[in-house]
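Residue strings, one per chain:
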Amino acid sequence: MRSGRFPSAASLLLLCAAVALTAYLAAAPRSGGGRDSPASSEGAPAPAVEQVLSAPASPSSSGEFLDDLERRTGVVGNGETQACVSWSDERGLVAAARGALSAYREEGTSSLVTSGYLDLSGRVWGALVRHETGAVDIMVAFEAKDGTATVRVTRLLPVDQGR
């Protein structure tokens, strides 16, 4: 095994596991609580992951998405635990991902947990970003055949569990 491949595979595995676990935990309070809830299928977090990936997204841009997420986070309530924004970037997947990560770095209040390609063809990329507030951003960028990238960022908010 080449040493350059292992960190990439480990990052991919960590990203997939973290996305599934984070999404499942974030959705559990809304559905009445976990595996024994009638709203979830037996032991399968797939509905929670689907909920994160299909959440309604507010339109945004690469230069404004962090501000837009912050504004959306301010209006989230009534049991909602996430906010989502999306935009298209004609510069392509690599430029879109680089621009988004640069925005987080400039913000200075978050840290990159992991990032990397989520498919073998290099057309889907993802990242997990953890904020000082406890919120987690799940970023997924898809590249269309014409080279245009679509970026979705879903911010999962910490849930106060009355402790």
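Relevant structure appears above.
Source: prediction; values computed, not measured.

Caption draft 1: Representation of the overall build of the protein. The number of helices and strands found in the protein is four helices and six strands. Element order for the protein, N to C, with α for helix and β for strand: α-α-β-α-β-α-β-β-β-β. Carbon and sulfur atoms make up 54% of the accessible area of the protein, which totals about 9600 Å².

Caption draft 2: Representation of the environment of E143 in the model. Looking at the secondary structure, you find E143 in strand β5 (residues 136–143). Judged by its relative accessible area of 26%, E143 is partly exposed. Beyond its immediate sequence surroundings of up to four residues, E143 is in contact with G92, L93, R123, T148 and A149. Within polar-contact distance, the side chain of E143 engages the backbone nitrogen of L93 at 3.2 Å.

Caption draft 3: Inspection of the sheet that holds strand β1 (residues 58–59) at higher detail. Strand order in this open sheet of six strands is β1-β2-β6-β5-β4-β3, and the pairing throughout is mixed. Where the open sheet ends on each side, the last strands, each with one partner, are β1 and β3 (110–117). In this structure, strand β2 (residues 82–89) lies alongside strand β6 (residues 149–156), joined through eight bridges in antiparallel fashion. Across the sheet, residue W87 finds its bridge partner in β6, namely V151.

Caption draft 4: Up close: the nonpolar core. F65, Y104, W125, M139, V151 and V153 are the most contacted members of the largest nonpolar core, which totals 20 residues. For this core, the secondary-structure elements that each account for two or more residues are α3 (65–75), β2, α4 (93–107), β4 (124–131), β5 and β6. Here this core takes six residues from α4, the largest share from any one element. Leave out the neighbours within four places in its chain, and Y104 touches F65, L66, S110, V129, H131, D137, M139 and V153.

Caption draft 5: Spatial organisation of the packing of aromatic side chains. With the rule as written, the count across this model stands at two aromatic pairs. Judged by centre distance (5.5 Å) and plane angle (70 degrees), the ring pair of F65 and Y104 falls under edge-to-face. Note that F65 is positioned in helix α3 and Y104 in helix α4, a separation of 39 residues in sequence. With respect to burial, F65 and Y104 carry one shared label: buried. Every member of this aromatic cluster is reached through a ring pair, and the members are F65, W87 and Y104.

Caption draft 6: Spotlight on the pattern of salt bridges. Tallied over the full model, the rule gives four salt bridges. Close ionic contact of D68 with R71 constitutes a salt bridge, the shortest N to O distance being 2.4 Å. A residue pair is termed a helical-turn pair when its members lie 3 or 4 positions apart in one helix, as D68 and R71 do in helix α3 at three residues. Ionic pairing is found between D137 and R155, a salt bridge with its closest N-O pair at 2.7 Å.

So, how was this worked out
Residue indices begin from 1 for each chain and proceed along its sequence in written order. A pLDDT threshold of at least 70 governs which residues receive local features in this predicted model, and a stricter bar of 80 or more applies before side-chain atom pairs are shown or counted, although totals over entire chains, interfaces and linings include all residues. Think of the side-chain values as coming from all heavy atoms in the structure, minus any hydrogens and water. Secondary structure elements are taken from DSSP: a helix is a run of H or I of four residues or more, a strand is a run of E of two residues or more, and numbering for both begins at the N terminus. Only the protein chains shown count as cover for residues, with accessible areas throughout obtained via the Shrake-Rupley method and a probe of 1.4 Å. To sort residues, take the accessible area from a 1.4 Å probe on protein chains only and compare it with the maximum for the residue type: under 20% means buried, over 50% means exposed, and anything in between is partly exposed. Whether two residues are in contact is decided by their heavy atoms, any of which lying within 4.5 Å being enough. Counting of polar contacts relies on pairs of N or O atoms within 3.5 Å, with two restrictions inside protein: one atom must be capable of donating a hydrogen and the other of accepting it, and residues adjacent in sequence are counted only when both atoms are side-chain atoms. Strand pairing is assigned whenever DSSP detects at least two bridges linking the two strands. Only buried residues count toward a nonpolar core. Its members are Ala, Val, Leu, Ile, Met, Phe, Trp, Tyr and Cys residues joined through side-chain atoms within 4.5 Å. Whether two aromatic rings pair depends on their centres lying within 6.5 Å, for rings of Phe, Tyr and Trp, where Trp uses its six-membered ring; planes under 30 degrees apart make the pair stacked, over 60 edge-to-face, and the rest tilted. By definition, a salt bridge exists where a carboxyl oxygen of Asp or Glu is found within 4 Å of a side-chain nitrogen of Lys or Arg.

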